[in-house]
Amino acid sequence: MRKYWKAALLAACAMPQAVQAQENAAAETAEAGGDIIVTAQRRSERLQDIPASISALDSAMLTQSGVADISNVAPRVPGFYAGGFGSARPQLYIRGIGTRQFDPGSESSVGVFVDESYLGRTGGVLGSLKDIERVEVLKGPQGTLYGRNTIAGAVNVITKGPTDTFSAEAEAGYGNYDAWNVFGAVSGPIAGDVVKGRIAGWRTKARGYVTNLTTGNHPQGTDNWGGRARLAIEPSSELKIDLIAEIARDTGRSFQGESIGSTLNPNGILLGKAGLVPEKSDDPYKQYYTTDPEYNRHIDAFTGKLNYSTDLGDFVSVTSYRKLKYTDDRDFDNTNLDVIQQISAERSKQFSQEFRFVSANDGALSFNGAVDWILGVYYYKDTSYHQDNFLFGADSVAAGGDDLTFGHYKTKSVAVFGQSTFHFTDQLTFTLGARYTEDRKKATLGGRTNDALPLVRANFDVTNPTKKFTSFDPKFVLSYQPTRDLNLYVSWSKGFKSGGYQYTPLTAAQAGLVFNPETIRAWEAGVKSTWLDGALRANAAVFQYDYKNLQVSRVVLLPDGSTPSLIDNAGKSKIKGAELDLAIQPVRGFDVTVAYAYTDAKYDEYLTGPKGAASTLDFSDTRMVRAPKHSVNVGATYTVETGSNSDLTFHADASMLSDFFHEPGQGDIKYGSTIPLTSEDGYVLSNARITYRMGDFKIAGWIQNAFDVTYRRTVLALPGQVISIYGQPRTYGATIGWSM
């Protein structure tokens, strides 16, 4: 661990650093004292006035930090962890709460929204972050305004809208791993002030950083393109219509990792024939695989927003339609032995509609500014299909076999919500909010086999009756703001994540197992302050969560030898923590930020072992997964004027995580021979960028993971076998851009 912190110190001394600290980096101006305006509470507000923990990154910070998708946002927000197997299988955790499930039978714990449209399918949340105005990260349950499946928090992505005057920008870059990217956008009036438009397009490609020594090809690469078109229509001063259409395509070679077996057998392979030894490599980024992975994802999305203003307030309508389709073909055993090939496929169609009324701050319904309120209704529908095909090769105990699991899923959700903020005095406010949600889910799950072993033992079809999950989620916030530069608050809120169905059930009995919703009750107290005429911003928060019925997924070994991935509710947990962030501007053009998060997340009661399991395990009083106790973000940005219309900007950042665990059991071998191999040592990721701007042109050189730290994004823990999925090694390159 010492070498990682030494690397962090070197990164801090190498050049002025910049890190996105909580509630700092989304500044609408470059000044530390500039107001940060966000829409996290469904109305435009100054971030320091909002009594909640919110982080934000604006377009400049996203570019400077080399952010490609939401998983790159996480290291810049302490308490936010992102891992996963690839674009279709992300793992997002905020303050210790998250999930690694990605199939339609379960839900995310972190809600992701793009232009107020909820991304219901996990396989579609890691879209390319191009042409983005800002990203907002809301920590803690957001049950009132955001609703279901935001039990850990929410991520708001706001794309760039049309401009009042003509503008254009273009960018091209090249880096190691044969990486290249191009981007372009144009924006401006189409029909005077009535119709404005913006269109943006991009293409990114990079050779994978993993090498298949069997074929010479390279998994873990990037090959995507996409585009977004926006129309802003204002037929009158009262009516605004925003139409957004987006298309995204991802292809190429999917994820692969390193098979490290177990503590009992480093050559162990799930369902492999006894005595076979795979060919090994000491380089985690160069491994032997039987086949090359293939990946293909299509996303089509449309959002329509209408805002009608009156003297009383704004009527808002948000309509969204999304279609997702992907296939993922990979060597499941991650060795050169021909054991298992897994081909996953999913398709889904999602529709949502929200209506809300937002009171005018000085309107009659606000009683001369005494109360601000929002009232709304929400409808969501998702129809999905997912299947996994397992092909067993010559080195498997079921050589020549072919097993298939599949599921048809339908989800409908309706909700009513409201939130009011009462201004008792100019300094003292009280916020009361509530949301009632009703989910109705239905699933038909099945399995097919042509062998007597090892996964699906007999063909089955199970139609689960419609299951209803309901929740009432209130929120209370007391805020005292004696001056514009000081805000003290305390809050209590409740949230929930919907229940669901099992992923890849292997029997009819497993297909009928329904897991219950999660619930959380959260306390938070915080202070937001600004000092020295805006040169110093200091914010802090403490929190405690009472978390029940955690949905935890584990691959288990049953007495019949089958190894299903089952979700059960993990009893109770308690999470406590504290967060601090500082933003300092000692001189104009030099911004320093420091952010720290402490998270103490443990299972209070977690007794696991589905009926028929080979053993029952008690994980009570052990640390929760993917919840490092300490996470730190440090850095600075320094800009030097080099002429009348030119400047040079230095930027660097370092993100640090302490030790954590990918699986329950905190690395103790008493929980199984694979558990010690699922512990993750702490690590530091350092990045830097130098940008020279001359008029409308700019050129930049950048480096990511500057000290070439080897770390794991996630692991797949199977009975007798652990597979490590590694994060990106050092990358570097240059970018040239133009804007007007």
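Heads up: these notes are all about the structure in this document. The residue numbers shown here count from 1 along each chain, following its written sequence. The predicted nature of this model means local features are confined to residues of pLDDT at least 70 and side-chain atom pairs, given and counted, to a pLDDT of 80 or more, with totals for whole chains, interfaces and linings taken over all residues. Processing note: side-chain calculations cover all non-hydrogen atoms of the structure and skip hydrogens and water entirely.

## Digging into the sheet that holds strand β6 (residues 97-98)
Logical step 1: Spatially, the three strands line up as an open sheet ordered β4-β5-β6, and their pairing is antiparallel. Both edges of this open sheet fall to β4 (80-84) and β6, since each of them pairs with a single strand only.
Logical step 2: In this structure, strand β5 (residues 90-94) lies alongside β6, joined through two bridges in antiparallel fashion. When the bridges of β6 are listed, I94 appears paired with I97. Here the rule is simple: two strands pair whenever DSSP picks up at least two bridges between them. Segments assigned H or I by DSSP are reported as helices when at least four residues long, segments assigned E as strands when at least two residues long, and all are numbered from the N terminus.

## Notes on the packing of aromatic side chains
Logical step 1: Only the six-membered ring of Trp is used, alongside the rings of Phe and Tyr, when aromatic pairs are assigned; centres must lie within 6.5 Å, and planes under 30 degrees apart are stacked while those over 60 apart are edge-to-face, with the rest tilted. All told, the structure shown has 21 aromatic pairs when counted by the stated rule.
Logical step 2: Ring geometry for Y81 against Y93: centres 6.4 Å apart, planes inclined by 65°, an arrangement best described as edge-to-face. Of this pair, Y81 sits in strand β4 while Y93 sits in strand β5, placing them 12 residues apart in sequence.
Logical step 3: Taking relative accessible area as the criterion, Y81 reaches 5% and is therefore assigned buried. The classification of residues rests on relative accessible area computed with a 1.4 Å probe and restricted to protein chains. Under 20% of the type maximum is buried, over 50% is exposed, and intermediate values are partly exposed.

## Quick word on the pattern of salt bridges
Logical step 1: Any carboxyl oxygen of Asp or Glu that lies within 4 Å of a side-chain nitrogen of Lys or Arg is treated as forming a salt bridge with it. Following the criterion strictly, the structure yields 35 salt bridges and no others.
Logical step 2: A salt bridge links R207 to D178, with the nearest nitrogen and oxygen atoms 3.4 Å apart. Of this pair, R207 sits in the loop between β13 (195-206) and β14 (211-212) while D178 sits in the loop between β11 (167-175) and β12 (179-191), and the two are 29 residues apart along the sequence.
Logical step 3: With its nearest N and O atoms 3.1 Å apart, the salt bridge here joins K494 to D473. Taken as a pair, K494 in strand β26 (residues 486-497) and D473 in strand β25 (residues 460-483) lie far apart in primary sequence, 21 residues in all.
Logical step 4: One continuous salt-bridge network, built from bridges that share partners, spans R42, E116, K305, E354 and R356.

## A few points about the pairing of strand β43 (residues 712-718)
Logical step 1: The buried count for β43 comes to seven of seven residues, which makes it a mostly enclosed element.
Logical step 2: Relative to strand β44 (residues 721-726), β43 is paired through six bridges, and the arrangement is antiparallel. From the neighbouring strand, L716 faces β44, where its bridge partner is I723.

## A few points about the environment of D193
Logical step 1: Residue position: D193 is located in the loop between β12 and β13.
Logical step 2: On a C-alpha basis, the gap between D193 and S236 in space is 9.7 Å, while along the polypeptide they are 43 residues apart.

## Quick look at the environment of V587
Logical step 1: In this structure, V587 sits in strand β33 (residues 572-587).
Logical step 2: Residue classification places V587 among the partly exposed positions, given a relative accessible area of 45%.

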